[in-house]
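Residue strings, one per chain:
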Amino acid sequence: MSEIDRIFIGGGGEDYSTHQNLILKYANRHGLVAGATGTGKTVTLQILAESFSQAGVPVFMSDVKGDLSGIANAGSPDFKLHDAFTSRAETIKFDDYGYDKFPVTFWDLFGEKGHPIRTTVSEMGPLLLSRLLNLTDAQEGVVNIAFRVADEQGLALMDLKDLRAMLIWLGENANEVSLRYGSVHVTSIGAIQRSLLVLENQGAEQFFGEPALNLNDMISTTPSGQGRINILAADKLMQSPDLYATFLLWMLSELFEELPEIGDPDKPKFVFFFDEAHLLFEDAPKALIKKVEQVVRLIRSKGVGIYFITQSPGDVPDDILGQLGNRIQHALRAFTPRDQRDLRDAAETFRTNPQFDTAKTIIELGIGEALVSTLEKKGMPTVVERTLIRPPSSQLGPITESERDAIIKQSHISGLYEAAIDRESAFEILAKRTEQAAEEARLAEEAEEKLEAEEKSRKLARRYDAAERKRKTTRSSRGDSVGTTFAKSLARQLGSKAGQTLIRGVLGSLFKGR
């Protein structure tokens, strides 16, 4: 591949012949693609992904509507818009326009339309998990305690059943834990468990587990040097908007934590498109928005460019919006007072072009047109220019299911993530502890019962011995009393006259006999 220092976005100026480019050196200064539904944002995403791939830059993007899978196939002259595309290419002086396909890797949290994506509960962390579960501050505190105790006791939190087991353990040991870390209320644990049940019903349990995603499998190029285009099947995922937003935010956090500092490279190491960005910021706590702001500000030094895609720039907080140097603004509609405010705000974010009224032009833009301002030398934004976006080289619209299946099977990571792994973690360890405690309790109970039986036996023996001694003593006492009485009676008789006669008679008889 030849070295490319910029990517062609489209033609600007009165006749659309002035090339509007995105300089790769400043592509990691982030960007914004905005516009109302049906104004051409999807095609803009497609041509940006194609261009980054040609420049050797890997890309990640969400396929919210199922339209972006066509990047894997080359466009065709048989396509009904072929004439319109070639005509547009001539208008904007896109001289080397042609059809081509690009290296695509399909991903899917549910493992249905792409390779499964998993992470562990530990890697998600308590902040993002609490955001995903829509927890209160008190409930988030319990989750933080669960993570802390699990870490101290060497209990790996891999999947949702591990977290459930940890919460049960906290409930059973609430008094002891509360003394050390703060209040752990059973009601809070119950609320968290119910939120986990809702999350499981949405299919999120497939997202938590192993093997966890290795970002290097996304941040890669083909042997020919093209950047791989990672497409997340998000049509089903969008039915759970909280899960969608939290997943993308988790990916940003992982990129921020894992990638090394590389300063200001000649081109990005990775470009991340955050589609439906408003889902990230709606009802988000301040701590979370601060975290996103920090990531956006610092991640560019790691060579990562973040591009938010949304309907209106007003969907992005001002502190983050101010860091998005590259802007592509498609048409906005101003039907309500709020729409009009958003329109004015969008116009004010551009460097003014004296040739036209920016706010008025935003309303007048046709499908496939946009106002474009990118960073040029020294990182200064260019004057905003009305631009006709270049046509895509790849297929416009989705590919067939059989084509998708074939691409997945031939992927460079085929078979790497498909089979889930369930190694010993918190659930198994706590279950063993419970079984061991139950066995110890059973043995202790048996020992106690044995001691009680032995003590009872000893008591019975002592009672028997005491009764026997008493019986013997009573019998002996009775024998002595009869003898004594007889002796006394005999003595009295001997002392009488009759007694003496009796003695003589007896003695006489005896001696006579002798």
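Here's what I pulled together on the structure shown here.

So, a negative patch on the surface
- Together, Asp318, Asp319, Asp345 and Glu348 give the surface a local cluster of negative charge.
- Those elements that place two or more of their residues in the negative patch are helix H11 (318–321) and helix H12 (337–348).
- Here Asp345 shows up in helix H12.

So, the environment of Ala74
- As for its placement among the helices and strands, Ala74 is situated in the loop between strand E4 (59–63) and helix H2 (82–91).
- Setting aside its immediate chain neighbours within four residues, Ala74 contacts Tyr99, Asp100, Lys101, Ser393, Ser394 and Gln395.

Overview of the sheet that holds strand E11 (residues 369–373)
- What the 12 strands build is an open sheet, ordered E2-E1-E12-E11-E10-E3-E9-E8-E4-E7-E5-E6; its pairing is mixed. Each edge of the sheet is formed by a strand with only one pairing partner; in this case those strands are strand E2 (18–23) and strand E6 (115–116).
- By the bridge criterion, 4 bridges tie strand E3 (residues 31–34) to strand E9 (residues 304–310) in an arrangement that is parallel. Paired with Gly31 across the strands is Tyr307, a residue of E9.

Topic: the packing of helix H3 (residues 121–133) against helix H8 (residues 241–258)
- The N-to-C vectors of H3 and H8 enclose an angle of 150°; their axes lie 10 Å apart at closest approach. On the basis of the axis angle, H3 is roughly antiparallel to H8. The hand of the H3/H8 crossing is right-handed. From H3, Glu123, Met124, Leu128, Arg131 and Leu132 reach across to H8, where they touch Asp242, Leu243, Thr246, Leu249, Trp250, Ser253 and Glu254.
- Within the contact of H3 with H8, the residues separate by chemical class into 6 nonpolar, 2 polar and 4 charged.

Considerations on unusual backbone geometry
- That bond from Glu210 to Pro211 is cis: its omega, 0°, falls within 30 degrees of zero.
- Checked against the element boundaries, Pro211 lands in the loop between helix H7 (186–201) and strand E7 (229–233).

So, the pattern of salt bridges
- Per the stated rule, a full pass over the model turns up 20 salt bridges.
- Taking the shortest distance from any N to any O, the salt bridge between Lys113 and Asp235 comes out at 2.7 Å. Of this pair, Lys113 sits in the loop between strand E5 (104–108) and E6 while Asp235 sits in the loop between E7 and H8, and the two are 122 residues apart along the sequence.
- Using a relative accessible area of 25% as the deciding quantity, one classes Lys113 as partly exposed.
- Of the residues examined, Asp235 reaches a relative accessible area of 31% and is grouped as partly exposed.
- Of the charged contacts in the structure, one is a salt bridge between Glu455 and Arg462, with a shortest N-O distance of 3.6 Å.
- Look at Arg462 and you get partly exposed, because its relative accessible area is 46%.
- Connected through shared salt-bridge partners, Arg148, Glu152 and Arg180 make up one network.

With respect to the pairing of E7
- Burial analysis of E7 places 5 of its 5 residues in the buried class, which makes it a mostly covered element.
- Residues Ile229, Ile231 and Ala233 line one face of E7 and the alternating positions Asn230 and Leu232 line the opposite face, and both faces are buried.
- In this sheet, E7 lies alongside E5 in parallel orientation, the contact comprising 4 bridges. In the sheet register, Phe106 faces E7, and the bridge partner there is Ile231.

Some details on the side chain of Asp108
- Secondary-structure assignment places Asp108 in strand E5.
- Look at Asp108: it is buried, it has no salt bridge, and the nearest opposite charge is Lys113 at 6.9 Å.
- In terms of polar contacts, Asp108 uses its side chain to reach the backbone amide nitrogen of Glu112, at 3.1 Å.
- Polar side-chain contacts of Asp108 include one of 2.8 Å to the backbone nitrogen of Lys113.
- If sequence neighbours within four positions are ignored, Asp108 has contacts with Lys113, Gly114, His115, Pro116, Ile117, Leu232 and Ala233.

Criteria and cut-off values
- Residues numbered from 1 in each chain as written.
- Predicted model: local features only at pLDDT ≥ 70, side-chain atom pairs only at ≥ 80, totals over all residues.
- Heavy atoms only, no water.
- Patch = residues over 30% accessible without salt bridge, like charges linked within 9 Å, V, L, I, M, F, W, Y side chains within 5 Å.
- Areas by Shrake-Rupley, 256 points an atom, 1.4 Å probe, with all protein chains shown as cover.
- Salt bridge = Lys/Arg side-chain N within 4 Å of Asp/Glu carboxyl O.
- Lys, Arg positive; Asp, Glu negative; His and termini not counted.
- Charge placed at Lys NZ, Arg CZ, Asp CG, Glu CD.
- Helix = DSSP H or I, 4+ residues; strand = E, 2+ residues; numbered from the N terminus.
- Contact = heavy atoms within 4.5 Å.
- Pairing = 2+ DSSP bridges.
- Axes fitted to C-alpha atoms, helices over the stretch in contact; angles between N-to-C directions.
- Parallel < 35°, antiparallel > 145°, perpendicular 65-115°, else oblique.
- Left-handed = near helix turned anticlockwise from the far one by under 90°.
- Nonpolar A, V, L, I, M, F, W, Y, C, P; charged D, E, K, R; others polar.
- Buried < 20%, exposed > 50% of the residue type's maximum accessible area, 1.4 Å probe, protein only.
- Polar contact = N/O pair within 3.5 Å; in protein donor to acceptor, adjacent residues only side chain to side chain.

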